[in-house]
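Given next are the chains, with one letter for each unit.
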Amino acid sequence: MNTVHSIADVREYVRASRAAGKRVAFVPTMGNLHKGHLTLVHKAREHADVVIVSIYVNPLQFGAGEDLESYPRTLAEDQAQLKDENVDLLFAPSSNEIYPEGMEHHTTVSVECLSNMHCGKSRPGHFAGVATIVCKLFNIVHPDVAVFGVKDFQQLAVIRQMVNDLYMPVKVIGADIARDSRGLALSSRNGYLTDAELDIAPSLYRVLREAREQILQGMNYDLILRDALAKLAQAGLKPDYIDICSQHSLQPANAQDKELVILAAAYLGRARLIDNVTLTLP
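This structure is a prediction, so every number in the text was calculated from the model and none was measured.

(A) A look at the pattern of salt bridges. Summed over all chains, the structure comprises 13 salt bridges. Note that Asp152 and Lys151 form a salt bridge whose closest N and O atoms lie 3.8 Å from each other. Looking at Lys151, the relative accessible area reads 16%, which means it is buried. Two residues, Lys231 and Asp227, come together in a salt bridge whose shortest N-O distance is 2.9 Å. Of this pair, Lys231 and Asp227 both sit in helix H11 (residues 221-235), four residues apart, which is roughly one turn of that helix. Taken together, the shared-partner salt bridges in this structure form one network comprising Arg206, Glu210, Asp227 and Lys231.

Next comes the structure, spelled out in structure tokens:
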């Protein structure tokens, strides 16, 4: 596996790959890799001859008071894992490479229709930061395929909308949520949790699954959400939100919507946990 730090080197590698008739898949990450990230790499390998991974902690998607400075940076360990997975190229740029003139007056990409609800309410500007960096990385790498985790359901929807609206020639693929043996969705921020908090954290997924069963039983959505919020608090989590939505618009689900997603976020100690479950009504 090669590791490069400049845009020019990535573009040269991709040019050579395409000249050899190879299809390119791309997995953008912020590093501190875990098994969930590696499932994205496996999915990417199913769709292409060459797999490129990026590691970059993007300041533009962190808000005031968030964990930009403390976000774990583990490049050497990440490189070892990616090498074991036979990744072809790792792109690990600096902020000077990505934002050479700084971020204060940088052009941003905003997907307004999907960004200001759910996680966007709690993290204003977050999804503009995500859309901007993904747009930049797509323009650097020019992949045929890009893989993102379904755990970040709203993020995936934002990226798909951006790709569709801006006519980007990239196929965006979602990879299923990777979970530990207790059902906790894998996340780099799980490293913030104490042993006691790790016992509590799987309650988020449990409550989501119970809400899904209640929907299938025909219960009223408002009652389900009130019940779910109470259960989260009782388990020791501080709920941020839990919403029953259309999978496509992310707007509150109505009686006509059949493909649903239940999105949730909750605070536990230093960590903000997110998760979701999907269902299709008969």
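And the narrative resumes.
(B) Focus on the pairing of strand E9 (residues 271-280). Counting buried positions over the ten residues of E9 gives eight, a clear majority of the element. Two strands pair when backbone bridges link them, and strand E8 (residues 259-268) and E9 are joined in this way by ten bridges, in the antiparallel orientation. From the neighbouring strand, Glu259 faces E9, where its bridge partner is Thr280. Linkage of E8 to E9, two consecutive antiparallel strands, is achieved through a turn of two residues, within which Gly269 is found at a positive phi near 60 degrees.

(C) Summary view of helix H10 (residues 203-216). Spanning 14 residues, H10 covers 20 Å between terminal C-alpha atoms, matching the ideal 20 Å at 1.5 Å per step. Of the residues making up H10, those classed as buried are Ser203, Leu204, Tyr205, Val207, Leu208, Ala211, Gln214 and Ile215. Directly after H10, the chain includes Gly218, whose backbone phi takes a positive value near 90 degrees.

(D) Examining the packing of helix H7 (residues 126-141) against helix H8 (residues 153-165) more closely. At a closest axis distance of 10 Å, the pairing of H7 and H8 adopts a crossing angle of 50 degrees. Judged on the interaxial angle alone, H8 and H7 are oblique. For the pair H7 and H8, the sense of crossing is right-handed. Here H7 contributes Phe127, Val130, Ala131, Val134, Cys135 and Phe138 to the contact with H8, which in turn contributes Gln154, Gln155, Val158, Ile159, Met162 and Val163. Across the contact of H7 with H8, the residue classes break down as ten nonpolar, two polar and no charged.

Definitions and limits used
Residues numbered from 1 in each chain as written. Predicted model: local features only at pLDDT ≥ 70, side-chain atom pairs only at ≥ 80, totals over all residues. Heavy atoms only, no water. Salt bridge = Lys/Arg side-chain N within 4 Å of Asp/Glu carboxyl O. Buried < 20%, exposed > 50% of the residue type's maximum accessible area, 1.4 Å probe, protein only. Helix = DSSP H or I, 4+ residues; strand = E, 2+ residues; numbered from the N terminus. Pairing = 2+ DSSP bridges. Expected span 1.5 Å × (residues − 1). Axes fitted to C-alpha atoms, helices over the stretch in contact; angles between N-to-C directions. Parallel < 35°, antiparallel > 145°, perpendicular 65-115°, else oblique. Left-handed = near helix turned anticlockwise from the far one by under 90°. Contact = heavy atoms within 4.5 Å. Nonpolar A, V, L, I, M, F, W, Y, C, P; charged D, E, K, R; others polar.

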